[in-house]
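Chain residues, written in single-letter form:
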Amino acid sequence: MTQAEALKEYLLRLADSDMILGQRLCELCGKAPALEEEMALMNVALDLVGQARNWYEYAAELIDDGRDADKLAFRRDAHDYRNLLLTEQPNEDYAVTMGRQFFFDVYHYFTLKSLTESSDERIAGIAAKALKEATYHLRRSSEWVKRLGDGTEESHRRMQEAIDILWRFTGELITPDDTDRVMAEAGIGPDPDQLAKDWRGMVNEVLTQATLTPGAEDAWMYMGGKHGEHTEHLGFILAEMQFLQRAYPDATTW
Amino acid sequence: MYAQLVETGAKRLKTKEEMSPEEREFHEKVDAETKIEPKNWMPEGYRKTLVRQISQHAHSEVVGMLPEGNWVTRAPTLKRKLQLMAKIQDEAGHGLYLYSAMETLGADRDEEIEKLHQGKAKYSSIFNYPTLNWADMGAVGWLVDGAAIVNQVVLQRTSYGPYSRAMIRICKEESFHQRQGYQILLDMMREGTEEQKAMVQDAINRLWWPALMMFGPHDDESPNSQQSMAWKIKRKSNDELRQMFIDQTVPQLEFLGCTAPDPDLKWNEETGHYDFGEINWQEFYDVLKGNGPCNRERIKTRKNAIDEGAWVREAAVAYAEKQKQRAQAA
């Protein structure tokens, strides 16, 4: 794999994960457990979709086949989507929503932090802005994991269940493949070992404070997302998210 | 906006002689355009009316997120998706801000929300209509936010200080939403396919009358309006506001190249205003009573969100309590 190929692939991964998690949060509009949460969820979703747009725009320039950011977001099918499996998991209850957010935010925060020092200036620039947002996201989701883990008996039970349900999708966040390694070697992407270490460290720290038990480090992990092999959920997410673009392919302006 | 038919408890207006000294002083303040602040004496009817109006307004902001939530997962471009998300976030913020203003009157947010879920509190009837195609996101911004602004611009001068200040802040954001909504429609009409243009006209056909209903019933049928006007909670009559809205909206409609579903709509040279047909009041009262196309779904969604989130809020309280005890023990 050439560095140029890996870069395009890597940008799509960053974009797709942001986009799909943002879409999941959009589904919660009007359904949050409190009005303050309503605002915060939409705020996080807005940040994520905004970041996705930045990554898509850069990816579109490099791919250079006439597709723009919108085409990349709304006209690729599931097998071309490169998001982490974690991000496409359903909202379920608020413990799952927050657990998913927390696992992602830890990964996102350390990834972006490293990307601010990327040898690719465009990436470093996008990451610098995104890191500010992700720092807030992480603080918020960590707090919620602690509240729910160390709140009531019911919330503890639900939060532990959420951790157990989601754990099998977390390995993908910190297990590098060729693309990740090429990016790291080029000084563009984060060092995979460091990312894994940072992720584990912070996840363990917060879960311990939250009186929760993480899954086993050697647990079986599902890892197809980065290569376009998804769970059954993504097809439905895209069917909804891409409805207008598919139903009205001749429409060029909206 | 979003307050229609606010009950004031008044059958007729009191004369000066019938008022207590406190009440007279209150009225002099109101007449002199001095804002009433939370700590000032106010008639109980004034307080209750404001609680009803502001809570209706807050409920409307929150319920109003649902018809947009219906399309935020299906927005056609990244730009439009982000705009709609920002608008929804603003609305949640308006809701919070208005509930706070309401709480300065001694009302409790949870209690008022409970009344909404029991079907005892109103919210704007417009949100009981479905959003059926993407152009509805433009039409809601243009017509619904547009109607709200006409009302709220006047409410910036309302006699109760915290409400007035909330309106000033909210109006700025609503104006932005309205322009964005209009732009959605304009872009589809100018550069869209025939199918897209049909969506725009369809959205207008469905939302035109419900938007006019947002201003409430004719004033001569409402003793509540007169009392609210005397208290300067309300500053202009329902019919005046509706006329203002129509006069400013029809030229925009024509500029779009669309039509209104009202054969009686035409410019009246003599009055300098547009004439328009009679609203279907039976529909209006029915939707208000709970028989609109989406009343049940809207309330059910809101009720489920709060009911199913109870354990989350309880956990937050329990955790905060534990943290407090730990801090004290340390």
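See the structure printed just above.
Here we summarise the structure given alongside this text. (Residues numbered from 1 in each chain as written. Chains lettered and ligands numbered in written order. Predicted model: local features only at pLDDT ≥ 70, side-chain atom pairs only at ≥ 80, totals over all residues. Heavy atoms only, no water.)

**Brief notes about the interface of chain A and chain B**
Here comes step 1: Residue-level contacts link 50 residues of chain A with 49 residues of chain B.
Here comes step 2: Carbon and sulfur atoms make up 70% of the area that chain A and chain B hide from each other, which totals about 4400 Å².
Here comes step 3: Across the chain A-chain B interface, the total number found is 15 residue pairs in polar contact (both at pLDDT 80 or more).
Here comes step 4: Of all elements in the fold, only α1 (3-26), α2 (35-63), α3 (69-74), α5 (94-115), α6 (121-149), α7 (153-166), α11 (233-241) and α12 (243-247) of chain A reach the threshold of two or more residues within the side of chain A that touches chain B.
Here comes step 5: Of the residues assigned to the side of chain A that touches chain B, the class counts are 26 nonpolar, 9 polar and 15 charged. (Contact = heavy atoms within 4.5 Å. Buried area = accessible area lost by both parts, 1.4 Å probe. Polar contact = N/O pair within 3.5 Å; in protein donor to acceptor, adjacent residues only side chain to side chain. Helix = DSSP H or I, 4+ residues; strand = E, 2+ residues; numbered from the N terminus. Nonpolar A, V, L, I, M, F, W, Y, C, P; charged D, E, K, R; others polar.)

**What about helix α11 (residues 281-291) of chain B?**
All names here are of chain B.
Here comes step 1: Those residues of α11 lying buried are W281, F284, V287, L288 and G290.
Here comes step 2: In this structure, the buried residues of α11 make contact with α8 (194-213), α10 (238-256) and α12 (295-308).
Here comes step 3: You can read the cap of α11 off the contacts: a side-chain oxygen lies 3.2 Å from the backbone nitrogen of Q282, and it is on N280. (Buried < 20%, exposed > 50% of the residue type's maximum accessible area, 1.4 Å probe, protein only.)

**Here's the deal with the pattern of salt bridges**
Oppositely charged side chains can pair when the atoms bearing their charge come close.
Residue and element names in this part refer to chain A.
Here comes step 1: Counted by the stated rule, this structure contains 35 salt bridges over all chains.
Here comes step 2: Residues E143 and K146 are paired through a salt bridge, measuring 3.6 Å at the closest nitrogen-oxygen approach. Here K146 and E143 lie together in helix α6, a separation of 3 residues that amounts to about one turn.
Here comes step 3: Note on E143: relative accessible area 29%, which makes it partly exposed.
Here comes step 4: Each of R13, D177, D180 and K226 takes part in a single network of salt bridges with overlapping partners. (Salt bridge = Lys/Arg side-chain N within 4 Å of Asp/Glu carboxyl O.)

**Some details on the nonpolar core**
Nonpolar side chains in soluble globular proteins tend to end up buried together.
Here comes step 1: Among the nonpolar cores identified, the biggest contains 181 residues, and W55, Y56 and F103 of chain A together with W134 and W208 of chain B are the most heavily contacted of them.
Here comes step 2: If we ignore the near neighbours within four places in the chain, the residues touching F103 of chain A are L86, I163, L166, W167, T170, L173, W199 and V203 of chain A. (Core = buried A, V, L, I, M, F, W, Y, C linked by side-chain atoms within 4.5 Å.)

**A closer look at a negative patch on the surface**
Residue and element names in this part refer to chain B.
Here comes step 1: On the surface, E103, D108, D110, E111 and E114 cluster together into a patch of negative charge.
Here comes step 2: Per-element accounting of the negative patch gives the leading share, 3 residues, to helix α5 (residues 109-117).
Here comes step 3: By the element assignment, E103 lies in helix α4 (residues 78-103). (Patch = residues over 30% accessible without salt bridge, like charges linked within 9 Å, V, L, I, M, F, W, Y side chains within 5 Å. Areas by Shrake-Rupley, 256 points an atom, 1.4 Å probe, with all protein chains shown as cover. Lys, Arg positive; Asp, Glu negative; His and termini not counted. Charge placed at Lys NZ, Arg CZ, Asp CG, Glu CD.)

**Let's talk about the state of the cysteines**
Here comes step 1: As enumerated under the stated definition, the model contains 0 disulfides over all chains in all.
Here comes step 2: Looking at the unpaired C29 of chain A, the closest cysteine sulfur is the one in C26 of chain A, lying at 7.8 Å.
Here comes step 3: Residue C29 of chain A is classed as buried on the basis of its relative accessible area of 4%.
Here comes step 4: No disulfide involves C294 of chain B; its sulfur sits 14 Å from the nearest other cysteine sulfur, which is in C29 of chain A. (Disulfide = S-S within 2.5 Å.)

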